[in-house]
Amino acid sequence: MTLRAGVLAVQGDVSEHAAAIERAAAAHDETAEVVEIREAGLVPDCDVLLMPGGESTTISRHIHRIGLDEEIQAHVAAGKPVLATCAGLIVAASDAHDDRVDTLNLVDVTVERNAFGRQKDSFEAALDVSGLDEPFPAVFIRAPLIDYVGDDVEVLATWDDQAVAVRDGPVVGTSFHPELTADSRLHDLAFFEA
């Protein structure tokens, strides 16, 4: 079976997410056809969607300007999986505490942008993630803090008693960058264990 995987290609780790979803699909004897999403009209044909990191205000402006916001919301409403990482999580959240980010309200969480510090404050941590047998090597780069989690949202992982990975229906959101490791288990969890 071939899985059509759309990667929002406004900015961020597009090729790294593409490689991770290809590895996760191969582990399930499937093939991932990766489509880089830069314009409207492509999301409706995707089975899964990845929203990488980058700069959340830029991502938000772009997706609203070209009409991707409604396509992404329809994708989630249809129950199709999404993995939103770092800035992708900020854009997917219900509130980013920043009027410059027009969020999609896909995940019932609020986030504080760059709460873990600047680029120089980046770090890696071995996280216990619900659904994974071994700790996941999470990479935090200018990561958002999840400061509120709605009642129907499942917390998948915490760091310092703060949620850093969540699932809300078909959407998995992470404060960290799972695509920056050779470990594709987070992509597997988002798309094959939903």
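Use the structure listed above.
Residues numbered from 1 in each chain as written. Predicted model: local features only at pLDDT ≥ 70, side-chain atom pairs only at ≥ 80, totals over all residues. Heavy atoms only, no water.

A few words on the layout of surface pockets. By volume, the largest pocket amounts to about 160 Å³. Taken together, 13 residues make up the lining of the largest pocket; nearest its centre are G54, C86, A87, I141 and R142. Of the residues that constitute the lining of the largest pocket, the class distribution is 5 nonpolar, 4 polar and 4 charged. (1 Å grid on protein atoms, 1.4 Å probe; cavity = no way out; pocket = protein on both sides within 12 Å on 5 of 7 lines; lining within 4 Å. Points joined across faces, edges and corners; volume = space filled by probe spheres on them. Nonpolar A, V, L, I, M, F, W, Y, C, P; charged D, E, K, R; others polar.)

This part covers the packing of aromatic side chains. Summed over all chains, the structure comprises 2 aromatic pairs. Between F140 and F176 the ring centres are 5.6 Å apart and the planes differ by 55°, which places this aromatic pair in the tilted class. Residue F140 is found in strand β8 (residues 136–140), and its partner F176 is found in the loop between β12 (171–174) and α5 (185–191); the two are separated by 36 residues along the sequence. Cluster of aromatic residues (ring-pair linked, three or more members): F136, F140 and F176. (Phe/Tyr/Trp six-rings, centres within 6.5 Å; stacked < 30°, edge-to-face > 60°. Helix = DSSP H or I, 4+ residues; strand = E, 2+ residues; numbered from the N terminus.)

The phi dihedral of R142 is positive, around 45°, even though this residue is not glycine. If you check the backbone angles, D161 has positive phi at about 65° while not being a glycine. Take D161: it is sitting in the loop between β10 (154–159) and β11 (162–168). Given a relative accessible area of 77%, D161 falls into the exposed group. (Buried < 20%, exposed > 50% of the residue type's maximum accessible area, 1.4 Å probe, protein only.)

Now for the pattern of salt bridges. Enumeration according to the criterion identifies 4 salt bridges in this entry. Across the pair E36 and R38 runs a salt bridge, and its minimum N-O distance is 2.7 Å. On the basis of relative accessible area, E36 is assigned to the partly exposed category, the value being 38%. With relative accessibility at 48%, the residue R38 sits in the partly exposed group. Two residues, D183 and R185, come together in a salt bridge whose shortest N-O distance is 2.8 Å. For D183, a relative accessible area of 17% puts it in the buried group. Accessibility expressed as a relative area gives 23% for R185, which makes it partly exposed. (Salt bridge = Lys/Arg side-chain N within 4 Å of Asp/Glu carboxyl O.)

Here we take up the nonpolar core. One finds I37, M51, I63, I72, L106, V109 and V111 to be the most contacted residues of the largest nonpolar core, which totals 32 residues. Element by element, the count of residues in this core is highest for helix α4 (residues 87–92), at 5 residues. Beyond its immediate chain neighbours, meaning those up to four positions away, V111 contacts L89, I90, A93, D95, A96, H97, P144, L145, I146 and D147. A9, V48, L50 and L186 belong to the second largest nonpolar core, which has 31 residues in total. (Core = buried A, V, L, I, M, F, W, Y, C linked by side-chain atoms within 4.5 Å. Contact = heavy atoms within 4.5 Å.)

Spatially, β5-β6-β9 is the arrangement adopted by the 3 strands of the open sheet, whose pairing is mixed. Sheet topology places β5 (93–95) and β9 (145–149) at the edges, where each strand pairs with a single neighbour. Mean inter-strand twist for the sheet, computed between neighbouring axes without regard to direction, equals 50°. Across 2 bridges, β5 lies against strand β6 (residues 107–112) in parallel orientation. Each residue of the ladder has a partner; that of A93, found in β6, is V107. (Pairing = 2+ DSSP bridges. Axes fitted to C-alpha atoms, helices over the stretch in contact; angles between N-to-C directions.)

Among the secondary structure elements, R65 is positioned in helix α2 (residues 56–65). A distance of 2.9 Å separates a polar atom in the side chain of R65 from a polar atom in the side chain of H62. (Polar contact = N/O pair within 3.5 Å; in protein donor to acceptor, adjacent residues only side chain to side chain.)

Right, let's get into a negative patch on the surface. Taken together, D95, D99, E112 and D147 make up a surface patch of like negative charges. Inspection of the secondary structure puts D99 in the loop between β5 and β6. A relative accessible area of 83% means that D99 is categorised as exposed. (Patch = residues over 30% accessible without salt bridge, like charges linked within 9 Å, V, L, I, M, F, W, Y side chains within 5 Å. Areas by Shrake-Rupley, 256 points an atom, 1.4 Å probe, with all protein chains shown as cover. Lys, Arg positive; Asp, Glu negative; His and termini not counted. Charge placed at Lys NZ, Arg CZ, Asp CG, Glu CD.)

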